[in-house]
Amino acid sequence: MQTLLAIKFVTSLGRSFALCLLAAVLLVAVAHAETAEPVMVAIAYPATSQDSIPRASLRAIFGMLLQKWPGETPTKVFVLRDDAPEHATFSKSVLQVFPHQLRMAWDRQVFSGQGQYPESVGSLQEMLARVASTPGAIGYARASEVNQNVRVLKIR
């Protein structure tokens, strides 16, 4: 009988320890995720007057609904092809929409005659070069690849 009680106690103690260890690992992971650098960032033409932008405005620009910056400069949106992993990462993590939702918004604008598609580029290097050289341009890049030729927009 005492052996059975001892086994139950050790088993219970082991489960408690395992749950505490799991909780500690999850807390560390959450803390790391909140402080980690973003993988993808929104970038703009370096002379753009904006340093930060509301997420809703960024979504509207990339959805081709907002076609001018404050100050009346027309926006020029650059994106990678729909199946590019960076496009999916930017759409989901920064814009917080799925890539197919962006495609549907673009199609709706074009087919209704109220807008046009964003300009597609072949690589992130081309994206950086085109955004750096096009007034009013906006696009995205890996945070680790951004250079001083573009402006990184902070998301509010």
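Let us look at the structure shown here.

So, the sheet that holds strand E6 (residues 151–155)
- Across the sheet, 6 strands lie side by side as E2-E6-E1-E5-E3-E4; this open sheet has mixed pairing. For this open sheet the edge positions go to strand E2 (52–53) and strand E4 (119–121), each flanked by a neighbour on one side alone.
- Relative to strand E5 (residues 137–142), strand E1 (residues 40–44) runs antiparallel, the two being bridged by 5 bridges. Each residue of the ladder has a partner; that of Ile43, found in E5, is Gly139.
- Along the sheet face, helix H2 (residues 55–62) touches E1, E2, strand E3 (76–80), E5 and E6 and points at about 105° away from the line of E5.
- Each of E1, E3, E4 and E5 touches helix H5 (residues 124–133); the most contacted strand, E5, lies at about 145° to it.

Side note on helix H4 (residues 99–111)
- The end-to-end C-alpha separation of H4 is 18 Å, in line with the 18 Å expected for 13 residues at 1.5 Å each.
- The inward-facing, buried residues of H4 abut H2, E3 and helix H3 (85–95).
- Of the residues flanking the end of H4, it is Gly113, one or two places downstream, whose phi is positive at about 80°.

Some points on the pairing of E3
- Taking burial as the measure, the 5 residues of E3 include 4 buried ones, the bulk of the element.
- Where E3 and E5 come together, 2 bridges link them in parallel fashion. Following the sheet pairing, Lys76 is matched in E5 by Ala137.
- As defined by bridge partners, E3 adjoins E4 across 3 bridges and the pair is classed as parallel. In the sheet register, Phe78 faces E4, and the bridge partner there is Glu119.

Side note on the layout of surface pockets
- As a volume, the largest pocket reaches approximately 180 Å³.
- Around the largest pocket sit 13 residues that line it, and Pro38, Val39, Met40, Ser93 and Val94 are the ones nearest its centre.
- Split by residue class, the lining of the largest pocket holds 9 nonpolar, 2 polar and 2 charged.

What counts and what doesn't
Residues numbered from 1 in each chain as written. Predicted model: local features only at pLDDT ≥ 70, side-chain atom pairs only at ≥ 80, totals over all residues. Heavy atoms only, no water. Pairing = 2+ DSSP bridges. Helix = DSSP H or I, 4+ residues; strand = E, 2+ residues; numbered from the N terminus. Contact = heavy atoms within 4.5 Å. Axes fitted to C-alpha atoms, helices over the stretch in contact; angles between N-to-C directions. Expected span 1.5 Å × (residues − 1). Buried < 20%, exposed > 50% of the residue type's maximum accessible area, 1.4 Å probe, protein only. 1 Å grid on protein atoms, 1.4 Å probe; cavity = no way out; pocket = protein on both sides within 12 Å on 5 of 7 lines; lining within 4 Å. Points joined across faces, edges and corners; volume = space filled by probe spheres on them. Nonpolar A, V, L, I, M, F, W, Y, C, P; charged D, E, K, R; others polar.

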